[in-house]
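Residue-level listing of the chains:
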Amino acid sequence: MNQDKHWQSVGEAAGDPAVEQLKKNEFQEKLPFDAGVLTEEGGNVNASRRDFLKMFGFSVSAATLAASCEIPVRKAIPYVIKPEEVTPGKALHYASTFSDGSDYCSVLVKTREGRPIKIEVNDKSGANGTNARVQASVLNLYDAERLRGAKAMGEDISWEEVDKKIGADFKAVVESGQEIVILTATILSPSTRNIFADFQAKYPTVKVVTYDAVSYSGMLEANEACFGVRNLSQYDFSKAKTIVGFAADFLGTWPTGEENTQAYMTMRRPTAKNPKMSRHIHFEAGMSLTGSNADLRATMKPSQEGMAIMNLYNNLAVLAGVEQIPNVPKIEFAGNSLGVASKELWENKGESLVLSGSNDTNIQIVVNGINNLLGNYGNSIMVAESAHRQGSDKAVNELIDSINSGNVGALFINNVNPSYSLPNADKFNEAVKKVGLTVSFNERMDETTSMVKYACPDHNYLEAWNDASPVKGQYSITQPTIQPIFKTRPMQESLLKWSDAEVTNYYEYIQNYWQANVFTKQSAESNFQNFWDKAVHDGVMRVEDEIESREFSANIVEIASNVKLSNGDGLELLLYEKMGMGDGRYSNNPFLQELPDPITRATWDNYACVSPKYASEVLGINIKTEADIREKDVIKISANGYSIELPVLIQPGQANNTIAIALGYGRTHAGRAGNGVGQNAYPFLSMINGTWQRYATGVKVEKTGKKYKLALIQTQYMLDGDLPDRTVLKDMSLAAYKKNPSGAVEKIKKYTESDHFVAIYDKPDYRGNGHHWAMAVDLNACTGCSACVVACNVENNVPVVGKEEVARAHEMHWIRIDRYYKGDVMDSDSIESAYQPMMCQHCDNAPCENVCPVAATNHSSEGLNQMAYNRCIGTRYCANNCPYKVRRFNWFDYMGADSFYIYNNDTDKTDTYTELGRMVLNPDVTVRSRGVIEKCSFCVQRIQEGKLNAKKENRKLADGDIKTACMQVCSANAIVFGDLNDPKSEVSKLYKNERTYNVLEEMHTLPSVGYMAKVRNKKENA
Amino acid sequence: MKLKTGSFPNVVILMIILLIAGFSVKAQDGEKLFKANCASCHKIDKKLIGPALQGIRDRWESEENLYAWIKNSPKYLEEMNDPYATALFEEYNKTPMTAFPQLGDADIAAVLEYVDNYQPPTASAGGEGETGGAAQGGGVDPLWFLLPALLVLIVLAVAFSKAIGALINSAKEKDPDSEKVLPKVISLKERFGIFLKHRFTILAIVIFVLCWVFGSLWDGATSLGRQEGYQPAQPIKFSHKLHAGINKIDCKYCHVGAEKGKASVIPSLNICMNCHMAVSEGPEYGTTEIAKIYDAVGWDAEKGKYIEDYEQKPIEWIKIHNLPDHVYFNHSQHVKVGGIECQKCHGSIEEMDEVYQHAPLSMGWCIDCHRETKVNFDNKYYSDYEALHEKLKNGEIENVTVEGIGGTECQKCHY
């Protein structure tokens, strides 16, 4: 097989003829005539001319009747007293902060007429983008299944009543001297931490236990052991020339994944003048987002991580001339990669990073030891300053024991769901019943809240005041952007009330806290009110916080002897987080459920990822013919006394003899969208050395003989790039790039206006005629994180269609991230990946425009391929003729009254769902009806708005005034949009870059999207 | 008696003319005088800035004193030491009444006479009538009724003639003698034979009728959803003629969004209250319509202040200008950037007591205007259109229309 060929699916790599056929077809199914009025049994169309006339006549008369109806009366209801800053029809942006214990992001909330509709990046924070979950979070606000008020024993109750009852119970607990425990997610808010401290000061039996569903205890405790502070380190990827990762998803699901991406990418933009980029070597079992972006990737079984890291330590210890860890069996991975990593790390001492995703304290201490040997602390790593995770597995386990021995009188649960996400949830659930007073502040009746006595739901972050301090010296504010939709109350206010605090208003409390603790650390503002106003306006603030210098002290050799060694025999199970779903807390967010996983391209499910070799040799799946069909074999996986049945997904690059399963699925109390999607994999976690490890050994697999349909978009909308000269995805090695920067793209024949323009219409001349909108996508920068997909969904009212529809290739996303592999499908170590964001290319010689019988799609004088929905009659000729397969057809009224719910299992819905869910719609973008085609518009509403603002201000349009939604959220700056007519614009410069080419350039469609070839930092001559 | 619409400026002009001419003012001009001089502070039947004027003659000791007070109240207070006048002065926050030296005795007498004979306007005009009602898509062509009626007549005629023929025939069969008495039966063929002879004429007629039917259908279909002339009854009988026409209030004083954003914005009630805190009575409907504002916003007209903790009720106006959901229209683009007068699309709104939809708001209507309207190319934004600037300079083109810069392309309005 040609090693230079890119492929998208296992079947394609193996030569499945069915996949070849799918590539040829835009639409994967015949017209649904099989169950209509025009058919007889057997599915043959049996409609005579008479039937046609009957139907025609009926339609005409029905239309006539409908048309004679009166036009409804519409009302316009103005404000009684209009707030000064609001102009109906104009968006307002408020700086705020998203901080939920898992993700932290300083954001701008775009509101229209008082309702948040989009989350954007706060430039003042220095961040480039947000992740997918932050983008989708605006829909959480309008989730009709949030609790609508306080509940006692499942019954609605007023806040006054609940305060009285809890107050009485609480008093009794205090008097009894039993422990009062607050079980909370990681809290970044200094004010909230202060409330907890006040609480503890007032009631000495109060204990705060922090719990993270996906635990970083190992890392935290390693830092405590090495530096005496229980915090995460801050990594500066912009200073790292060599990065070695061991199952560390630092670009994806790690805390601050998008900040890491931003810094990481600054080192990965080689230019012809300065052809340098960082080198990234990765060891892992499952294909993670980070691993897929590595230059050199070797598969490693989860249990071997400790041994691998100790080998690396020993290799470096030899080079550094320090004591080695004794009795460590030698281990090496494909391509001698551990040896290569050691050598390159040592060459870049002080400018390197070694990271591990392990949750084993001892392993993390060895990793710290490696970074210390390399002198990275103080250079590429800031010692232990990040508070992004604070959870402790040990403390949670002790809590369960403590409850069982009857020591706990009250349990307050804040923003965590241990009844679902604890591996030993059964034990926890049993224990909770023994506590006298149990209160949950969670936003919905989730698995945990349904176990407790009182539900006192907290506000959504868009409704509340809050603050956050993720790292020392950095403070940010969360401000409300809408009145609370339901009768909810901030958790902090509930605690302040029940403890009879002087200040019970949380806003006032935050202000007091800031006046006493933050205001005093700065000198720029002398008046507190001015300082506060600026903080609220900007959303972020940096002050001088003293940072203690910390010295590394740990006896690596001694500690390493505690690391559990494994020879890596037998089947192992890896448990990981997905980019969209994370730990599963936002299961009920349909945007995230329908977001295709960047690697597997699957939606609405979790599954068992296995390597192609394992699938064919052990499970007996014919990977040539069975890998890409939607009906997957179901296997039963058992480990740690727990078993579930999941469909098999064949994942290239997966370590052989391992199975990877995503966490965050199998919710039972998430809501309509999230309930019953996938299976819960948390119980598979194993406890080693006092922390939860995200893998299991001793795994058993049985074939069940069942089949299960997965909604995979892997084999949908594949570009037909098989012909030898077709230009789809171009890449090259850094060595080749140094030799000839345009090597990857110069073979492509550059068609010019003069030699090849054959078209029905004249080629538009944009020069000097306003704008020519275009986009440049850097394939070297795109990590595949998919934040742009969700951003596009929210900005452009792209419907969520549900699992069944996705499975029928009816998904509607305007931007998709095509993921390509290269290498031998059966050899997981050889797999290289690349991502290619694909959206409408706005071709200047567009094949779709020529075939539309009603000219519903045509070209604008600004180079946009326009789509007029109200003109479209739904012939779908354009989609058939689009070589990029970016046009989407509305098979049903996806955005109608049924909104998000009808396409997911459950058709029982109320008006509230529809009304509330639709609040998220962008009023500047038409909601498409059934039977029309839609596609990427280059965010034309933003273009028009930008132009109008320039006209109103009587100025030229500046580069950067208009940003498409996808460009705006991209942490990696992979997408740049602008005006090609402006020679100084960023996009014009990128268009002239030697790496830039157009996809399917040889078809002479003259696209307005340029792609920059991917460069891999490979040392070999490849 | 019905009050004429507020004509303060006219009265002032009239007064000046009259004064110059040196004519004395006649008693029947009391109303005009009252409005010109007194109405800004006094009402007849209730307190405004000054006391209600009804029964004023009875309250004053003598008419002479009253006249003197009106002509110059500060002087009166100083000289006369009248306890009633002093009390009045104290009651109204020691604000003396403006002096009116220009009023002669006859003028004052006329005003007082008007006050005495004043009848409060009746509230008959307000309140009634459905608000809303469906929008009508223009009148219905009467031919639509005629055609079926004609058809029915023809059918009846044929049926009757057949029936009569049958009756006659049966009568003849029974009694052959009756043939002389009974009329001769004309068969259908004989009767309508004429039509058979003129087949082509008939064909032409049929084609004509079909064309007409399809033409009507076409017209009807294209005008679907259009509401030209739509004039629903509004919850408040607000008159643009009074506000924008007679009182010449700038459109953008109330429609604050017109230069800023997408919507011109139906004014919120706080804007109404800017004036209506003082103006509690209109010329047409008296207090009834303005009271609706007070009711919505919670203003106590008696006490002259807002009612605390009042549950405000927004006014539910009927929207007249409705664009389909798939059309994006932005007022600021047209008003601020394009400098287009409101009247261009909304008609002579300053003459409308009750607003109706002036334009069809159809796509053809939009496009027609985009084809003709010249772009203000001095706006620096357009400096990117170098080629067009060059042509303008060369004289190749005289001006640039909206269409010339892509203003008729789909995605300028549909997205």
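Residues numbered from 1 in each chain as written. Chains lettered and ligands numbered in written order. Predicted model: local features only at pLDDT ≥ 70, side-chain atom pairs only at ≥ 80, totals over all residues.

Considering the overall build of chain B
Here is step 1 of the chain: Check the secondary structure of chain B and you find 18 helices and three strands.
Here is step 2 of the chain: Within chain B, the proportion of its 415 residues that are buried is 18%.
Here is step 3 of the chain: Of the contacts formed within chain B by residues at least 6 apart in sequence, a portion of 65% connects residues at least 24 apart. (Helix = DSSP H or I, 4+ residues; strand = E, 2+ residues; numbered from the N terminus. Buried ≥ 20, exposed ≤ 12 C-beta atoms within 10 Å, placed from the backbone. Contact = placed C-beta atoms within 7 Å.)

As for the overall build of chain A
Here is step 1 of the chain: A tally of helices and strands in chain A yields 32 helices and 44 strands.
Here is step 2 of the chain: Relative to its length of 1022 residues, chain A is compact, with a C-alpha radius of gyration of 29 Å against a globular reference of 31 Å.
Here is step 3 of the chain: Projected onto its principal axes, the C-alpha coordinates of chain A cover approximately 85 × 75 × 65 Å.
Here is step 4 of the chain: Burial analysis of chain A (1022 residues in total) assigns 57% to the buried set.
Here is step 5 of the chain: Residue pairs in contact within chain A that sit at least 24 positions apart in sequence constitute 74% of those at least 6 positions apart. (Rg over C-alpha atoms; globule rule 2.2 N^0.38 Å.)

Thoughts on the domain arrangement of chain A
Residues and elements named next belong to chain A.
Here is step 1 of the chain: Domain annotation for chain A reports domain 1 (151-215 + 391-538), domain 2 (217-386), domain 3 (570-712) and domain 4 (729-758 + 771-1016).
Here is step 2 of the chain: Each of domain 3 and domain 4 has a C-alpha centre, and these two points are 30 Å apart.
Here is step 3 of the chain: Each partner contributes to the interface: domain 3 provides 25 residues, whereas domain 4 provides 23 residues.
Here is step 4 of the chain: Mapped by element, the contributors of at least two residues to the side of domain 3 that touches domain 4 are α20 (590-594) and α21 (612-617).
Here is step 5 of the chain: The leading source of residues in the side of domain 3 that touches domain 4 is α20, at three residues. (Domains from an automatic or database assignment.)

Concerning the sheet that holds strand β41 (residues 975-979) of chain A
All names here are of chain A.
Here is step 1 of the chain: Sheet architecture is open: four strands sit in the order β41-β34-β43-β42, paired in mixed fashion. Where the open sheet ends on each side, the last strands, each with one partner, are β41 and β42 (996-997).
Here is step 2 of the chain: As paired elements, strand β34 (residues 773-778) and strand β43 (residues 1009-1012) share four bridges and run parallel to each other. Each residue of the ladder has a partner; that of Val777, found in β43, is Tyr1011. (Pairing = 2+ DSSP bridges.)

Some details on the interface of chain B and chain A
Here is step 1 of the chain: At the interface, 52 residues of chain B touch 45 residues of chain A.
Here is step 2 of the chain: Of all the secondary structure elements, the ones that give two or more residues to the side of chain B that touches chain A are α13 (269-276), α14 (288-297), β3 (317-318), α15 (331-337) and α18 (386-394) of chain B.
Here is step 3 of the chain: With four residues, α15 of chain B is the single largest residue contributor to the side of chain B that touches chain A.
Here is step 4 of the chain: Examined bridge by bridge, strand β2 (residues 75-76) of chain A and β3 of chain B share two bridges and lie antiparallel to one another. Bridge assignment links Ala76 of chain A to a residue of β3 of chain B, and that residue is Trp317 of chain B.

Focus: the domain arrangement of chain B
Residues and elements named next belong to chain B.
Here is step 1 of the chain: You can read the domains of chain B as domain 1 (8-116), domain 2 (143-222), domain 3 (240-371) and domain 4 (372-415).
Here is step 2 of the chain: Inter-centroid distance (C-alpha atoms) of domain 3 to domain 4 is 32 Å.
Here is step 3 of the chain: Across the boundary between the two partners, domain 3 contributes 11 residues, which contact 12 residues of domain 4.
Here is step 4 of the chain: If one sorts the elements of the side of domain 3 that touches domain 4 by residue count, helix α17 (residues 363-372) sits on top with five residues.
Here is step 5 of the chain: Grouping the amino acids of the side of domain 3 that touches domain 4 by side-chain chemistry returns six nonpolar, three polar and two charged. (Nonpolar A, V, L, I, M, F, W, Y, C, P; charged D, E, K, R; others polar.)

Focus: unusual backbone geometry
All names here are of chain A.
Here is step 1 of the chain: For Asn640, which is not glycine, the phi dihedral falls at a positive 50°.
Here is step 2 of the chain: Topologically, Asn640 is positioned in the loop between β25 (631-639) and β26 (642-650).
Here is step 3 of the chain: Even without being a glycine, Ser786 presents a positive backbone phi close to 75°.
Here is step 4 of the chain: A tally of 27 C-beta atoms within 10 Å means that Ser786 is categorised as buried.

Structural notes on the sheet that holds strand β35 (residues 816-822) of chain A
All names here are of chain A.
Here is step 1 of the chain: The strand order across the open sheet built from three strands is β1-β35-β36, with neighbouring strands paired in antiparallel fashion. Looking at which strands have only one partner, the edges of the open sheet turn out to be β1 (6-7) and β36 (832-838).
Here is step 2 of the chain: Both β35 and β36 contribute to a ladder of seven bridges, which runs antiparallel. The residue of β36 that forms the bridge with Arg816 is Met838.

As for helix α13 (residues 393-404) of chain A
Residues and elements named next belong to chain A.
Here is step 1 of the chain: With 12 residues, α13 extends 17 Å from end C-alpha to end C-alpha; this agrees with the ideal 16 Å at 1.5 Å per step.
Here is step 2 of the chain: The complete set of buried residues in α13 reads Asp393, Val396, Leu399 and Ile403. Each buried residue of α13 lies within a common arc of 120° when the element is viewed along its axis, so the set occupies one face.
Here is step 3 of the chain: Check the buried side of α13 and you find it contacts β8 (179-184), β9 (206-210), α7 (217-227), β16 (408-414), α15 (425-432) and β29 (691-693).
Here is step 4 of the chain: Just past α13, the residue Gly406 takes up positive phi, approximately 80°. (Expected span 1.5 Å × (residues − 1). Arc of directions from axis to C-beta.)

Focus: the nonpolar core
Here is step 1 of the chain: Core analysis: the largest hydrophobic core is formed by 289 residues, its most contacted members being Val366, Leu573 and Ala608 of chain A.
Here is step 2 of the chain: With eight residues, the single largest contributor to this core is helix α10 (residues 305-320) of chain A.
Here is step 3 of the chain: When sequence neighbours within four positions are dropped, the list of residues in contact with Leu573 of chain A reads Ile637, Ala639, Ile659, Ile661, Phe684, Tyr695, Ala696 and Val699 of chain A.
Here is step 4 of the chain: Core analysis: the second largest hydrophobic core is formed by nine residues, Leu33, Leu112, Tyr114 and Val115 of chain B among them. (Core = buried A, V, L, I, M, F, W, Y, C linked by C-beta atoms within 7 Å.)

Thoughts on the pairing of strand β22 (residues 572-576) of chain A
Residue and element names in this part refer to chain A.
Here is step 1 of the chain: When you tally the buried positions in β22, you get five out of five residues, the bulk of the element.
Here is step 2 of the chain: Going residue by residue along β22, you find Glu572, Leu574 and Tyr576 tucked away on one face and Leu573 and Leu575 tucked away on the opposite face as well.
Here is step 3 of the chain: Bridge count for β22 against strand β27 (residues 658-662) is five bridges, and the pairing is parallel. Pairing of Leu573 across the sheet is with Ile659, part of β27.
Here is step 4 of the chain: In this sheet, strand β30 (residues 695-696) lies alongside β22 in antiparallel orientation, the contact comprising two bridges. Counted as the bridge partner of Leu574 is Tyr695 from β30.

Quick notes on the confidence of the model for chain B
Residues and elements named next belong to chain B.
Here is step 1 of the chain: Per-chain confidence: chain B averages 80 in pLDDT, with 84% of residues scoring 70 or above.
Here is step 2 of the chain: Note that pLDDT drops below 50 for residues 1-9; the model gives that stretch 12 contacts with residues more than four away or on any other chain.
Here is step 3 of the chain: Here residues 11-27 is modelled with pLDDT under 50, and outside its nearest four sequence neighbours on either side it reaches 16 contacts, counting other chains as well.
Here is step 4 of the chain: Overall fold confidence (pTM) sits at 0.83, and the ipTM for the predicted complex is 0.83. (pLDDT = per-residue confidence, 0-100.)

Digging into the packing of α7 of chain A against helix α12 (residues 361-373) of chain A
All names here are of chain A.
Here is step 1 of the chain: Closest axis-to-axis distance for the α7/α12 pair is 8 Å, and the angle between their directions is 55°. Regarding the angle of α7 to α12, the classification is oblique. Crossing hand, α7 versus α12: right-handed. Only Thr361, Ile363, Gln364, Ile365 and Asn368 of α12 make contact with α7, whose side of the interface consists of Gly218, Met219, Glu221, Ala222, Ala225 and Cys226.
Here is step 2 of the chain: Its residues placed into classes, the contact of α7 with α12 shows six nonpolar, four polar and one charged. (Axes fitted to C-alpha atoms, helices over the stretch in contact; angles between N-to-C directions. Parallel < 35°, antiparallel > 145°, perpendicular 65-115°, else oblique. Left-handed = near helix turned anticlockwise from the far one by under 90°.)

Some remarks on the confidence of the model for chain A
All names here are of chain A.
Here is step 1 of the chain: Looking at chain A, pLDDT values average 86 and 92% of them are 70 or higher.
Here is step 2 of the chain: The model gives residues 33-43 a pLDDT under 50, and that stretch makes 13 contacts with residues more than four places away or in other chains.
Here is step 3 of the chain: Every residue in residues 897-913 scores below 50 in pLDDT, and together they form 29 contacts with partners more than four places removed in sequence or on other chains.

Considering the pairing of strand β14 (residues 352-356) of chain A
All names here are of chain A.
Here is step 1 of the chain: Among the five residues that make up β14, five are buried, leaving the element largely enclosed by the rest of the structure.
Here is step 2 of the chain: In this structure, strand β11 (residues 242-246) lies alongside β14, joined through five bridges in parallel fashion. Bridge pairing in β14 links Val244 to Val354.

Some details on helix α11 (residues 337-347) of chain A
Residue and element names in this part refer to chain A.
Here is step 1 of the chain: Considered for burial, the residues of α11 that qualify are Ser337, Leu338, Ala341, Ser342 and Leu345. When α11 is viewed along its axis, its buried side chains cluster within an angular range of 140° and face the same direction.
Here is step 2 of the chain: Its buried side turned inward, α11 meets β11, β12 (279-284), β13 (296-299), α10 and β14.

Looking at the packing of helix α6 (residues 190-202) of chain A against helix α16 (residues 491-498) of chain A
Residue and element names in this part refer to chain A.
Here is step 1 of the chain: Closest axis-to-axis distance for the α6/α16 pair is 11 Å, and the angle between their directions is 20°. Regarding the angle of α6 to α16, the classification is roughly parallel. Handedness of the α6/α16 crossing: left-handed. Counting all contacts with α6, which are made through Thr192, Ile195 and Phe199, the residues of α16 involved are Gln492, Leu495 and Leu496.
Here is step 2 of the chain: For the contact of α6 with α16, the residue count by class is four nonpolar, two polar and no charged.

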